[in-house]
Amino acid sequence: MKALLGTKIGMTQIISESGVAIPVTLIQAGPVTVTQVKTVDTDGYTAVQMAYGEGKNLSKAVVGHTKSAKVTPKHIREIRVSELPEGLSVGSTFDVTTFALGDIVDATGTSKGKGFAGTVKRHNFNTSKATHGGNGNVRKPGSIGSMYPQKVFKGKRMAGRMGHDRVTVKNLVVAYVDLENNLIGLRGAVPGPKKGLIIIGGKA
């Protein structure tokens, strides 16, 4: 099983042996602690629950749930797996040694929230004419259902909240691993703001 939780530090670049600048996103990854192991017999599916970070003001439910793992986590996430690794149990830990240079991984995070946005920004709509016969409503969406069908269909692209969605970027290459400082560098961009939680999943 190849999976880790971490927080996004930001983007930088590293120079390869051939002298090429490679853009990477640095992630403070792990160590994570297993807080629960789910199996088909007990839960109906196979999954591993991981805890990351040091939390404050935890609820009694969370404290009781993580007591056996001896952690007080800030983040808890569940990773579904096809089969459980041998020897895995509550309290087991994983760090950046889980991944190696060249590994292909997926990175999941929550994208930056942009608040309320119109259709031009949110859905890339075209604007209407600003001159030569334009009606003055340059950035308005136009008709959303007039004589027919006399209603607004569900899923109609309109103005609304933009961003703050769960986003997964697939097939990123591990370009940098720092065992001493628990850092992983993924080639390319990763969703979310700095200090945002990132789930790194391997292709094993």
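The rules behind these values
Residues numbered from 1 in each chain as written. Predicted model: local features only at pLDDT ≥ 70, side-chain atom pairs only at ≥ 80, totals over all residues. Heavy atoms only, no water. Pairing = 2+ DSSP bridges. Helix = DSSP H or I, 4+ residues; strand = E, 2+ residues; numbered from the N terminus. Axes fitted to C-alpha atoms, helices over the stretch in contact; angles between N-to-C directions. Contact = heavy atoms within 4.5 Å. Patch = residues over 30% accessible without salt bridge, like charges linked within 9 Å, V, L, I, M, F, W, Y side chains within 5 Å. Areas by Shrake-Rupley, 256 points an atom, 1.4 Å probe, with all protein chains shown as cover. Salt bridge = Lys/Arg side-chain N within 4 Å of Asp/Glu carboxyl O. Buried < 20%, exposed > 50% of the residue type's maximum accessible area, 1.4 Å probe, protein only. Core = buried A, V, L, I, M, F, W, Y, C linked by side-chain atoms within 4.5 Å. Polar contact = N/O pair within 3.5 Å; in protein donor to acceptor, adjacent residues only side chain to side chain. Phe/Tyr/Trp six-rings, centres within 6.5 Å; stacked < 30°, edge-to-face > 60°. Lys NZ or Arg CZ within 6 Å of the ring centre and 35° of its normal.

## Overview of the sheet that holds strand 2 (residues 21-29)
Turning to step 1, where the next piece is worked out: With antiparallel pairing, the six strands of this closed barrel are ordered in space as 1-2-11-10-7-12. In this sheet, adjacent strand axes meet at a mean angle of 50° when their direction is disregarded.
Turning to step 2, where the next piece is worked out: With four bridges joining them, strand 7 (residues 104-110) and strand 12 (residues 197-202) adopt antiparallel strand pairing. Opposite alanine 107, over in strand 12, you have isoleucine 200 as the bridge partner.

## A look at the sheet that holds strand 5 (residues 75-80)
Turning to step 1, where the next piece is worked out: Pairing is antiparallel in the open sheet, where four strands are placed in the order 5-4-3-6. With one partner strand each, in any of the chains shown, strand 5 and strand 6 (93-94) form the two edges of the open sheet.
Turning to step 2, where the next piece is worked out: Pairing geometry for strand 3 (residues 32-38) and strand 6, over two bridges, is antiparallel. The partner of valine 32 across the bridge, within strand 6, is phenylalanine 94.

## Some remarks on the side chain of threonine 35
Turning to step 1, where the next piece is worked out: Structurally, threonine 35 is set in strand 3.
Turning to step 2, where the next piece is worked out: When residues no more than four places from it in sequence are discounted, the contact partners of threonine 35 are Gln49, Met50, Ala51, His65, Thr66, Ala69, Val71, Ile76 and Val90.

## What to know about a nonpolar patch on the surface
Turning to step 1, where the next piece is worked out: Where nonpolar side chains cluster on the molecular surface, the patch consists of Ile144, Val152 and Met158 and spans about 200 Å² of accessible area.
Turning to step 2, where the next piece is worked out: Checked against the element boundaries, valine 152 lands in the loop between helix 3 (119-123) and strand 9 (160-163).

## A few points about the pattern of salt bridges
Turning to step 1, where the next piece is worked out: Under the counting rule described, the total for this entry stands at three salt bridges.
Turning to step 2, where the next piece is worked out: Notably, a salt bridge pairs lysine 38 with glutamate 78, separated by 2.8 Å at the nearest N-O pair. Placement of the pair is lysine 38 in strand 3 and glutamate 78 in strand 5, with a sequence separation of 40 residues.
Turning to step 3, where the next piece is worked out: For lysine 38, a relative accessible area of 14% corresponds to the buried category.
Turning to step 4, where the next piece is worked out: In this structure, aspartate 165 engages arginine 161 in a salt bridge whose closest nitrogen and oxygen atoms are separated by 3.7 Å.

## Side note on the nonpolar core
Turning to step 1, where the next piece is worked out: Leu4, Met50, Ile184, Leu186 and Ile200 are the most contacted members of the largest nonpolar core, which has 27 residues in total.
Turning to step 2, where the next piece is worked out: At the level of elements, strand 1 (3-15), strand 2, strand 3, strand 4 (47-52), strand 7, strand 10 (166-178), strand 11 (183-187) and strand 12 are the ones that each hand at least two residues to this core.
Turning to step 3, where the next piece is worked out: The residues touching leucine 4, leaving out its near neighbours within four places in the chain, are Ala29, Gly30, Val32, Phe94, Asp95, Val96, Phe99, Ile184, Ile198, Ile199 and Ile200.

## Details of the environment of histidine 123
Turning to step 1, where the next piece is worked out: Mapped onto the secondary structure, histidine 123 falls in helix 3.
Turning to step 2, where the next piece is worked out: Placed 35 residues apart in sequence, histidine 123 and methionine 158 show a C-alpha to C-alpha distance of 8.0 Å.
Turning to step 3, where the next piece is worked out: Polar contacts involving the side chain of histidine 123 include one to the main-chain carbonyl oxygen of methionine 158, which spans 3.2 Å.

## A few points about the packing of aromatic side chains
Turning to step 1, where the next piece is worked out: Applying the stated criterion to the full structure yields zero aromatic pairs.
Turning to step 2, where the next piece is worked out: Positioned over the ring face of tyrosine 45 is arginine 80, at 4.0 Å from the centre of the ring.

In short, the description is geometric, and any link to function would need to be established separately.
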